[in-house]
Number of protein chains: 2
Amino acid sequence: MKMISENKCFGGTQGVYTHASAATGCDMTFGLFLPDEARDGPVPLLWYLSGLTCTHENAMVKAGAQGWAAEQGIALVFPDTSPRGEGVADDEAYDLGQGAGFYIDATEAPWAPHFRMQSYILDELPQLLGAEFPIDPARQSITGHSMGGHGALTLSVKAPGRFRSVSAFSPICNPLGGEWGQKQFKAYLGDVDKGRDHDASLLIEANGLDIPILIDTGTEDQFANHLRTEALAEVLALRRLEATVRLQKGYDHSYFFVSTFMEDHVSFHAEALYA
Amino acid sequence: MKMISENKCFGGTQGVYTHASAATGCDMTFGLFLPDEARDGPVPLLWYLSGLTCTHENAMVKAGAQGWAAEQGIALVFPDTSPRGEGVADDEAYDLGQGAGFYIDATEAPWAPHFRMQSYILDELPQLLGAEFPIDPARQSITGHSMGGHGALTLSVKAPGRFRSVSAFSPICNPLGGEWGQKQFKAYLGDVDKGRDHDASLLIEANGLDIPILIDTGTEDQFANHLRTEALAEVLALRRLEATVRLQKGYDHSYFFVSTFMEDHVSFHAEALYA
């Protein structure tokens, strides 16, 4: 692992690191915010998964999460959204290939060798973080934006017991019913229908999700039809899960929306992480 | 004036607008955050002047100021740092020409026709904001980062009575004693010595500055020798001005530093704006 940069931030340290990833077969870069408390011992960790086109950097500089995490003594990790670099397959579209890993493991050419973001986020990166930084693996929660909200929700179901709480900003809730996900499932998995195992609404409908859930989506989200918040809201109510779904009046899909409600989300996770 | 974008943000609106500027002879773009209170009438305005290489966008997405401004009912304006576009002179260096206006009016070729940022910030843009938005011209304060801190301090002296308070993050304090400013004064004004009228420390030494002043600079600022905080600190103490100069341990020149202390700066200005 190589340190790219470390900046003091809200009394803690915002670092950027790169490492050779076995899961994705390429170098991966991530951001990690450690609060001041990390100097005294392991701290809880909140994962932030980003959306289409993002790298590790977008949320790290635009979401305004560090101040709230510092207040709560929580670490934040900002992984990249896909493998990258020479030799890694890509597509001209913004929503396929690099920047669009969808937090799944691809099985089809040309994606299969590198596009294994599920394994990277659930297996490899947590091990690395636990080995290299003062992170308490027993206290992890997860959030994300858009495609990253899809990732946070689906990975929570796939790794029961891993996360103490899950939240999402404008998540892609039901890719099999919308326009973000089907194309990617077809490409990465060979068949849209295989996406059923990676659709937050269908996964939660089938398996439940026994941790507190918080969803925020703007009423003016320009991608509302792609997100299908209605499908997730229905499933959460149907399964009678401990969930809050908030439609925030006038907000759109941007980071101006995410930053507005970041304080709420960090507080929500802190409650679970310190319970 | 043309609206480029408007996003709901912390209950208010983060807008981006462009207009044909007479002062700079080109189209100028700025960001404006209006808190929810602006729907009921004119609100106070805090100017944020950005540093070298920045546009209107950097602080708008990275400084985390909107949340604190919303809490205080204060508008924020994020001007660009120079004229831009075809026909506007430029230089290959990052610290001269476009992105490096230094908040002064150039007198020399090829800069004089467009590089008139002092007139733009002190005369034209305030008039436009007053005419187009619910801004209270009697309640204005100013802050900035690096070159923008230099701008905030020097423009405060040049426009007595205009601003109720001034603050700066890692400001260039004494260009005639450092490395950021002399090259630009020579290019824009024809003579380094003419920069004496645009050097915050020299201006304040000669004229005083009768408003509350807050300066934050990191002890690990990688450009400490360019900033010359020591010159300003000396002058402020010598003139016995109402000023606080804080050297913040471990922080560098980045926006991670700016965002960390943004709450303090907005509170500082709110006190003056609501006095």
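This is a predicted model, so every value here is computed, not measured.

### What to know about the overall build of chain A
No. 1: Check the secondary structure of chain A and you find nine helices and nine strands.
No. 2: Viewed in the frame of its principal axes, chain A has a C-alpha envelope of about 50 × 45 × 30 Å.
No. 3: Every one of the 275 residues in chain A was classed for burial, and the buried ones make up 61%.
No. 4: When the accessible surface of chain A is totalled, it reaches about 10,400 Å², and 46% of it is carbon and sulfur.
No. 5: On chain A, the mean spot of the 19 positive side-chain charges and the mean spot of the 36 negative ones are 3 Å from each other.

### As for the pattern of salt bridges
No. 1: Here the structure, examined in full by the defined rule, presents 16 salt bridges over all chains.
No. 2: Arg116(A) is the partner of Asp105(A) in a salt bridge, and the nearest nitrogen-oxygen pair spans 3.9 Å. One end of the pair, Asp105(A), is in the loop between strand S5 (75–79) and helix H3 (117–132); the other, Arg116(A), is in the loop between S5 and H3, and eleven residues separate them in sequence.
No. 3: Note that Arg246(B) and Asp264(B) form a salt bridge whose closest N and O atoms lie 2.8 Å from each other. With Arg246(B) in strand S9 (residues 243–248) and Asp264(B) in helix H9 (residues 255–273), this residue pair connects regions lying 18 residues apart in the sequence.
No. 4: Each of Asp216(A), Arg246(A) and Asp264(A) takes part in a single network of salt bridges with overlapping partners.

### Considerations on H9(B)
All names here are of chain B.
No. 1: At Phe261, H9 is bent by approximately 50 degrees, the largest bend along its length.
No. 2: Most of H9 sits out of view: 15 of its 19 residues are buried.
No. 3: For H9, the N-terminal cap is Ser254; the gap from its side-chain oxygen to the backbone nitrogen of Phe256 is 3.2 Å.

### Some points on the confidence of the model for chain A
No. 1: Summing up the model confidence of chain A, the mean pLDDT is 97 and the portion of residues at 70 or higher is 100%.
No. 2: Taken over the whole predicted complex, pTM reads 0.93, whereas the ipTM for its chain interfaces reads 0.89.

### What about the nonpolar core?
No. 1: Counting 63 residues, the largest nonpolar core has Phe30(A), Leu32(A), Trp47(A), Leu129(A), Leu153(A), Tyr188(A) and Ile204(A) as the members making the most contacts within it.
No. 2: If one sorts the elements of this core by residue count, H3(A) sits on top with seven residues.
No. 3: Apart from residues no more than four positions distant in its own chain, Ile204(A) is found in contact with Leu153(A), Val157(A), Leu209(A), Leu232(A), Val235(A), Leu236(A), Arg239(A) and Leu241(A).
No. 4: Val77(B), Tyr103(B), Ile211(B) and Leu232(B) belong to the second-largest nonpolar core, a separate cluster that totals 62 residues.

### A short note on the relation of the copies chain B and chain A
No. 1: You can overlay chain B on chain A at an RMSD of 0.0 Å; the transform is a turn of 180 degrees with a shift of 0.0 Å along its axis. Between the two chains, the operation in question is that of a two-fold axis. In terms of C-alpha distance to the rotation axis, chain B has Lys62(B) as its closest residue, with the C-alpha 2.6 Å off the axis.
No. 2: The fraction of interface residues of chain B whose copies in chain A are also interface residues reaches 100%, indicating that both copies meet through the same surface.

### What about the side chain of Ser165(B)?
Residue and element names in this part refer to chain B.
No. 1: Mapped onto the fold, Ser165 is located in the loop between helix H4 (147–158) and strand S7 (166–169).
No. 2: Engagement of the side chain of Ser165 in a polar contact is seen with the side chain of His269, the distance being 2.7 Å.
No. 3: Excluding its chain neighbours within four sequence positions, the residues that come into contact with Ser165 are Gln140, Ser141, Ile142, Ile211, Pro212, Phe268, His269 and Ala272.

### Description of the packing of aromatic side chains
We describe a pair of aromatic rings using the distance from one ring centre to the other and the angle between the two ring planes.
No. 1: Throughout the structure, instances matching the rule amount to 27 aromatic pairs over all chains.
No. 2: Judged by centre distance (6.4 Å) and plane angle (85 degrees), the ring pair of Phe169(B) and Phe257(B) falls under edge-to-face. Residue Phe169(B) is found in strand S7, and its partner Phe257(B) is found in helix H9; the two are separated by 88 residues along the sequence.
No. 3: Among the residues examined, Phe257(B) registers a relative accessible area of 0% and is labelled buried.
No. 4: One aromatic cluster in this structure is built from Phe169(A), Tyr251(A), Phe257(A) and Phe261(A).

### What to know about the interface of chain B and chain A
No. 1: Contacts between the two partners involve 21 residues from chain B, matched on the other side by 21 residues from chain A.
No. 2: Looking only at chain B, the three residues that lose the most surface to chain A are Lys8(B), Phe10(B) and Phe256(B), adding up to 40% of its buried area.
No. 3: There are zero salt bridges connecting chain B and chain A.
No. 4: Remark: the boundary between chain B and chain A carries eight residue pairs in polar contact (both at pLDDT 80 or more).
No. 5: Going through the elements one at a time, strand S1 (2–9), helix H1 (57–62), helix H2 (66–72) and H9 of chain B are the ones with two or more residues in the side of chain B that touches chain A.

### Description of the environment of Ala106(A)
Residue and element names in this part refer to chain A.
No. 1: As for its placement among the helices and strands, Ala106 is situated in the loop between S5 and H3.
No. 2: Counting along the chain gives 134 residues from Ala106 to Arg240, while the straight-line C-alpha distance between them is 32 Å.
No. 3: In contact with Ala106, not counting residues within four places along its chain, are Trp111, Ala112, Phe115, Tyr188 and Leu189.

### What to know about a negative patch on the surface
No. 1: Side chains of Glu71(A), Glu263(A), Glu71(B) and Glu263(B) sit close together on the surface and give a patch of like negative charge.
No. 2: Secondary-structure assignment places Glu263(B) in helix H9.

### A few points about the environment of Ala131(B)
No. 1: Examined against the element boundaries, Ala131(B) turns out to sit in helix H3 (residues 117–132).
No. 2: Spatially, the C-alpha atom of Ala131(B) lies 24 Å from that of Gly144(B), the residues being 13 residues apart in sequence.

### Considerations on the pairing of strand S3 (residues 26–34) of chain A
Residue and element names in this part refer to chain A.
No. 1: Counted residue by residue, S3 has seven buried out of nine residues, so it is predominantly covered.
No. 2: Across nine bridges, strand S2 (residues 12–21) lies against S3 in antiparallel orientation. Bridge pairing links Thr13 to Leu34 in S3.
No. 3: Once S2 ends, the chain turns through four residues before running back antiparallel as S3, passing Gly25 with a positive phi of about 65 degrees.
No. 4: For S3 and S5, the ladder comprises four bridges, and the chain directions are antiparallel.

### A short note on the environment of His253(B)
All names here are of chain B.
No. 1: Take His253: it is sitting in the loop between S9 and H9.
No. 2: Sequence spacing of His253 and Glu132 is 121 residues, and the spatial spacing of their C-alpha atoms is 34 Å.
No. 3: Sequence-distant contacts of His253, that is, excluding residues within four places in its chain, are made with His145, Ser146, Ser170, Trp180, Asp221, Gln222, Phe223 and Leu227.
No. 4: At 2.8 Å, the side chain of His253 and the side chain of Ser146 are in polar contact.

Cut-off values and rules
- Residues numbered from 1 in each chain as written.
- Chains lettered and ligands numbered in written order.
- Predicted model: local features only at pLDDT ≥ 70, side-chain atom pairs only at ≥ 80, totals over all residues.
- Heavy atoms only, no water.
- Helix = DSSP H or I, 4+ residues; strand = E, 2+ residues; numbered from the N terminus.
- Buried < 20%, exposed > 50% of the residue type's maximum accessible area, 1.4 Å probe, protein only.
- Areas by Shrake-Rupley, 256 points an atom, 1.4 Å probe, with all protein chains shown as cover.
- Lys, Arg positive; Asp, Glu negative; His and termini not counted.
- Charge placed at Lys NZ, Arg CZ, Asp CG, Glu CD.
- Salt bridge = Lys/Arg side-chain N within 4 Å of Asp/Glu carboxyl O.
- Bend = angle between axes of the 7 residues up to and from the residue.
- Polar contact = N/O pair within 3.5 Å; in protein donor to acceptor, adjacent residues only side chain to side chain.
- pLDDT = per-residue confidence, 0-100.
- Core = buried A, V, L, I, M, F, W, Y, C linked by side-chain atoms within 4.5 Å.
- Contact = heavy atoms within 4.5 Å.
- Least-squares fit on C-alpha atoms with pLDDT ≥ 70 in both.
- Phe/Tyr/Trp six-rings, centres within 6.5 Å; stacked < 30°, edge-to-face > 60°.
- Buried area = accessible area lost by both parts, 1.4 Å probe.
- Patch = residues over 30% accessible without salt bridge, like charges linked within 9 Å, V, L, I, M, F, W, Y side chains within 5 Å.
- Pairing = 2+ DSSP bridges.

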